[in-house]
Amino acid sequence: MAVLRSKKYLFFAALIVGVVLWLLWRNLQGPIVSTYTVEQKPLVQTVVASGRLENVSRSEIGSQISGVVLERRVDEGQQVQAGDVLLVIQSDDLKAQVREAENAIRELRQVRYPQAQVDLKSAELQLQQATREAKRRQNTEPGVLSLEEKEQAIEAERLARNALAAARLTAQSLAPGQVEERTLIERLNALKAQLAKTEVRAQVSGTILTRDVDVGDVVQPGQTLFSLAVDGPTQILVPLDEQNLPYLALGQSAQVIADAYPNQPFAAQVNFIAPRIDPERGTVDVKLAVNPVPAFLRQDMTVSVNIETAKRNQAIVINNDALLNIRGQQAEVWVVRDQKLQRQAVKLGLKSTIQSEILGGLKVGDQILRDPNQGQEAQRVRIEQVSKD
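About the thresholds
Residues numbered from 1 in each chain as written. Predicted model: local features only at pLDDT ≥ 70, side-chain atom pairs only at ≥ 80, totals over all residues. Heavy atoms only, no water. Pairing = 2+ DSSP bridges. Helix = DSSP H or I, 4+ residues; strand = E, 2+ residues; numbered from the N terminus. Phe/Tyr/Trp six-rings, centres within 6.5 Å; stacked < 30°, edge-to-face > 60°. Buried < 20%, exposed > 50% of the residue type's maximum accessible area, 1.4 Å probe, protein only. Expected span 1.5 Å × (residues − 1). Bend = angle between axes of the 7 residues up to and from the residue. Contact = heavy atoms within 4.5 Å. Axes fitted to C-alpha atoms, helices over the stretch in contact; angles between N-to-C directions. Parallel < 35°, antiparallel > 145°, perpendicular 65-115°, else oblique. Left-handed = near helix turned anticlockwise from the far one by under 90°. Nonpolar A, V, L, I, M, F, W, Y, C, P; charged D, E, K, R; others polar.

> Would you explain the sheet that holds strand E3 (residues 58-62) in this entry?
Two modes of strand pairing occur in sheets, parallel and antiparallel, and in both the strands are linked by backbone hydrogen bonds. What the four strands build is an open sheet, ordered E3-E10-E8-E5; its pairing is antiparallel. Where the open sheet ends on each side, the last strands, each with one partner, are E3 and strand E5 (79-80). The sheet contact formed by strand E8 (residues 206-211) and strand E10 (residues 224-230) spans five bridges and is antiparallel. Directly across from Gly206, in E10, lies its bridge partner Val230.

> Teacher, can you tell me more about the packing of aromatic side chains here?
Using the criterion set out here, one finds two aromatic pairs in the structure. Seen in terms of ring centroids, Tyr261 and Phe296 are 4.5 Å apart; in terms of plane orientation they differ by 35°. Their pairing is tilted. Note that Tyr261 is positioned in strand E13 (residues 261-273) and Phe296 in the loop between strand E14 (283-290) and strand E15 (302-319), a separation of 35 residues in sequence. Judged by relative accessible area, Tyr261 falls into the partly exposed class, the value being 31%. Between Phe266 and Phe296, the ring centres sit 6.2 Å apart and the planes meet at 70°, which makes this aromatic pair edge-to-face.

> Help me understand the sheet that holds strand E6 (residues 85-89) in this model?
If you trace the four strands from one edge of the open sheet to the other, you get E7-E6-E4-E9, paired in antiparallel fashion. Strands at the two margins of the open sheet, each flanked by one partner only, are strand E7 (199-201) and strand E9 (218-219). Inspection of the sheet shows strand E4 (residues 67-72) paired to E9 by two bridges, in the antiparallel sense. Across the sheet, the residue bridging to Gly67 is Val219, located in E9.

> Help me out: how do you make sense of helix H2 (residues 92-138) in this one?
Think of an α-helix as turning once every 3.6 residues; residues three or four places apart then point the same way. Helix length check: H2 (47 residues) gives 65 Å between terminal C-alpha atoms against 69 Å at 1.5 Å per residue, within 8%. The largest bend in H2 comes to about 45°, at Leu108. Every buried residue of H2 is accounted for by Leu94, Val98, Ala101, Ile105, Leu108, Ala116, Leu120, Ala123, Leu127, Ala130, Thr131 and Ala134.

> Just to check I follow, could you spell out the side chain of Thr283 for this structure?
Looking at where Thr283 falls in the secondary structure, it is placed in strand E14. Dropping the residues within four chain positions of it, Thr283 is found in contact with Pro239, Leu240, Asp241, Glu242, Ile277 and Asp278.

> Any chance you could explain the pairing of E6 here in plain terms?
Here is the key point about a regular strand: its side chains alternate between the two faces of the sheet. The buried fraction of E6 amounts to five of the five residues, a majority that puts the element mostly inside the structure. Two elements, E4 and E6, share three bridges in a ladder whose sense is antiparallel. Bridging from a neighbouring strand, Glu71 pairs with Val88 of E6. For E6 and E7, the ladder comprises three bridges, and the chain directions are antiparallel.

> Mind showing me how you'd approach the packing of H2 against helix H4 (residues 179-196) here?
To characterise two packed helices, one gives the angle between the axes of the helices and the distance between these axes. For the pair H2 and H4, the least separation of the axes is 9 Å and the interaxial angle reads 160°. One element, H2, and the other, H4, form an angle in the roughly antiparallel class. The crossing of H2 and H4 is left-handed. Of the residues in H4, those in contact with Leu94, Lys95, Gln97, Val98, Ala101, Glu102, Ala104, Ile105, Leu108, Arg109 and Arg112 of H2 are Glu180, Glu181, Leu184, Ile185, Arg187, Leu188, Leu191, Lys192, Gln194 and Leu195. Of the residues in the contact of H2 with H4, the class split is 11 nonpolar, two polar and eight charged.

See below:
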């Protein structure tokens, strides 16, 4: 029995020693770490930012006259065409004045001018009669008519001649296209123009963005009643950090995602880079043209923009979260060599949101520590798994 107990103790002792030796061996190998594998693949450098949708121009619509709103025909979000009536202002007084002016013109053409023609013909006849009478009296035998009677005939002829001149002037002024008609037509046109202002119309085609008036409101000249997004090119305004300015260029393509429609990305293109920097925000305004325009887009909608600024068909790349001590185009990584960690300086090239191009310091297949905060110089490590993600 003693021999059996001795062998049992020896077995357990050997087992414990073996476990301790295995643990010491594993400890000497170092902790298990997760790494990335340096690989070669296409890389697209992008600039990512948020922006908002805007039309190239807006139109503020108001009334040119004062009055009470009688009718409102449009609401926010409605598409309108140039010339469409948006609002009607009460106009009873103006309509009455227009009718009065139209009646005045009708009366001129149908009554006053024809009557002036009749008066002119009558004045001509009266002058002819007065002239004959004056000649007759002048040619009578001496002593038949007194001097006073002869002078009365001459005076009657003179008055008839003056009456004819006055009738001729009246007929001329009332004739079509002359002073009286032109004056009445100008007054009618002025009244019609004023009446037309009681209908507030869209001067251009577009979409109603805001409405600040309703039936019964009193409006004044200069007051904004509607805000209209003018039909035309749609663009996206993106304020970018000025540090991105060296990477930007006109014509660069971009992918845009509306926050409200994350599963419907659409294309855009850089068509404007502001010539100045906003000193308060440290940003530069960039505008992107959208064509074709998705039907779901709305004015001032918030969007995320991913601008493609450069591309490599083949580049040596690593994930950005493996980099440390980034200084411009210089950075460092922890690389596993001979099962030990080694701090390695690298030179950076293009950079996307996830990965960066390595221009020097690494080669394809190198194992890079995923979490640079875990690294210690010359530390022996074991690689848990190799990931290319």
